[in-house]
Amino acid sequence: MGRDVIIACDFSSAEQTFAFLDKFTGRKPFVKIGMELFYAEGPSIVREIKKRGHKIFLDLKLHDIPNTVKKSMAVLSGLDVDMTNLHAAGTKRMMEGALEGLTRPDGTRPLLIAVTQLTSTDQETMENDLLIKEPIDKVVMHYAKNAKDAGLDGVVCSPLEAGKVHETCGAGFVTVTPGVRFADGDIGDQKRVMTPAEAKKIGSDYIVVGRPITAAPDPVAEYERCVAEFVD
Ligand code: C5P
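Summarised in this report is the structure supplied together with it. (Residues numbered from 1 in each chain as written. Predicted model: local features only at pLDDT ≥ 70, side-chain atom pairs only at ≥ 80, totals over all residues. Heavy atoms only, no water.)

Notes on the nonpolar core
Thinking step 1. Grouped together as the largest cluster of nonpolar side chains are 60 residues, with contacts concentrated most on Val5, Val46, Leu58, Met73, Leu86 and Leu152.
Thinking step 2. Setting aside chain neighbours within four positions, we find Val5 in contact with Phe30, Ile207, Val209, Ile213, Tyr223, Cys226, Val227, Phe230 and Val231.
Thinking step 3. Listed in part, the 13 residues of the second largest apolar core include Ile6, Ala8, Leu111 and Val115. (Core = buried A, V, L, I, M, F, W, Y, C linked by side-chain atoms within 4.5 Å. Buried < 20%, exposed > 50% of the residue type's maximum accessible area, 1.4 Å probe, protein only. Contact = heavy atoms within 4.5 Å.)

Here we look at the environment of Val176
Thinking step 1. As for its position among the elements, Val176 is in strand 7 (residues 174-177).
Thinking step 2. Sequence separation between Val176 and Ile6 is 170 residues; the distance between their C-alpha atoms is 9.1 Å.
Thinking step 3. When near neighbours in sequence (up to four residues on either side) are disregarded, Val176 contacts Phe57, Met83, Ile113, Val155, Val156, Cys157, Tyr206 and Val208. (Helix = DSSP H or I, 4+ residues; strand = E, 2+ residues; numbered from the N terminus.)

What to know about the pairing of strand 3 (residues 56-62)
Thinking step 1. A large share of strand 3 lies buried, amounting to six of its seven residues.
Thinking step 2. Bridge count for strand 2 (residues 30-34) against strand 3 is four bridges, and the pairing is parallel. Counted as the bridge partner of Ile33 is Leu58 from strand 3.
Thinking step 3. For the crossover that starts at strand 3, traverses helix 4 (residues 66-78) and ends in the parallel strand 4 (residues 83-87), the hand is right-handed. (Pairing = 2+ DSSP bridges. Right-handed = clockwise from strand over helix to strand, strands pointing away.)

Structural notes on the pattern of salt bridges
Thinking step 1. A full pass over the atoms with the stated rule returns 14 salt bridges.
Thinking step 2. Close ionic contact of Asp59 with Lys61 constitutes a salt bridge, the shortest N to O distance being 3.0 Å.
Thinking step 3. Residue classification places Asp59 among the buried residues on the basis of a relative accessible area of 7%.
Thinking step 4. On the basis of relative accessibility, which here comes to 24%, the residue Lys61 falls in the partly exposed class.
Thinking step 5. Of the charged contacts, one joins Asp153 and Arg109 as a salt bridge, the two residues approaching to 2.7 Å between their closest N and O atoms. Separated by 44 residues along the polypeptide, Asp153 in the loop between helix 7 (136-149) and strand 6 (154-156) and Arg109 in the loop between helix 5 (92-102) and strand 5 (111-115) bring together distant segments of the chain.
Thinking step 6. Through salt bridges with shared partners, a single ionic network connects Lys32, Asp59 and Lys61. (Salt bridge = Lys/Arg side-chain N within 4 Å of Asp/Glu carboxyl O.)

As for the layout of surface pockets
Over the atoms, a rolling probe the size of a water molecule traces out where space has been left empty.
Thinking step 1. In this model, the largest pocket occupies a volume close to 1100 Å³.
Thinking step 2. Lining the largest pocket are 36 residues, and of these Leu118, Thr119, Pro178, Gly179 and Gln190 lie nearest its centre.
Thinking step 3. Secondary structure elements with two or more residues in the lining of the largest pocket: strand 2, helix 2 (35-41), strand 3, helix 7, helix 8 (159-169) and strand 8 (206-209).
Thinking step 4. Classifying every residue of the lining of the largest pocket gives 14 nonpolar, nine polar and 13 charged. (1 Å grid on protein atoms, 1.4 Å probe; cavity = no way out; pocket = protein on both sides within 12 Å on 5 of 7 lines; lining within 4 Å. Points joined across faces, edges and corners; volume = space filled by probe spheres on them. Nonpolar A, V, L, I, M, F, W, Y, C, P; charged D, E, K, R; others polar.)

Some remarks on the packing of helix 4 against helix 5
Each pair of packed helices can be described by the angle between their axes along with the distance between the axes.
Thinking step 1. Two elements in contact, helix 4 and helix 5, have axes whose closest approach is 7 Å; the angle formed by their N-to-C orientations is 30°. As far as their axial angle goes, helix 5 and helix 4 are roughly parallel. Read as a crossing pair, helix 4 and helix 5 show a hand that is right-handed. Note on element contacts: helix 5 touches helix 4 through Arg93, Met94, Gly97, Ala98, Glu100, Gly101 and Leu102, opposite Pro66, Val69, Lys70, Met73, Ala74 and Ser77.
Thinking step 2. Its residues placed into classes, the contact of helix 4 with helix 5 shows seven nonpolar, three polar and three charged. (Axes fitted to C-alpha atoms, helices over the stretch in contact; angles between N-to-C directions. Parallel < 35°, antiparallel > 145°, perpendicular 65-115°, else oblique. Left-handed = near helix turned anticlockwise from the far one by under 90°.)

Rendered as structure tokens:
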């Protein structure tokens, strides 16, 4: 499994998404489809993008009782995505059920990645809203270990946490990291960022890049720049 750049296609319609993807006449990027686009367009958007030759990370962050997640994952697996995810907070049993559901009759399955704590949750909200009193770093690593024990392939984390996740869960445990910005770029609402080159150095396996590519005047050039820094 190689390093790769995943473009976050945070668009609200198929029309906008295809207008964006039409620009990529050479290399077909790995793309992330999130809740906004999936809920707007339904499963057909996944089939359509797949048909165009893209790998797909379906970012729907499932969290429910184990049986419901297992059956839902079986449906997502049938969509032939390459990577999908869930919340580690759903417990090891839920993650094991998800893996079972995701595994196709021929034994293949998409990569399954866990979200530990969302970056919108900080120590204070975790303590006050969730009544979790441990330090957030410890909680994140504990959830990563749970995901590993349940047989998952990796976690979504900040590029700053990728090294620690590999130390804790092994070099083969995949890290998918958003919060990537070019050294000369605008960081927008992301707080803790790294450049593609820094993310490579620290050992991220996949970087998820949205606006630095999607909002650029020449998205293909920015994508190629990202690949040159992170992959090549
Ligand atoms: O535009 P930008 O590069 O900030 O997009 C990053 C993508 O990664 C978005 O789809 C965002 O929802 C997602 N993400 C994130 N931070 C997380 C988890 C996901 O930015 N902790």
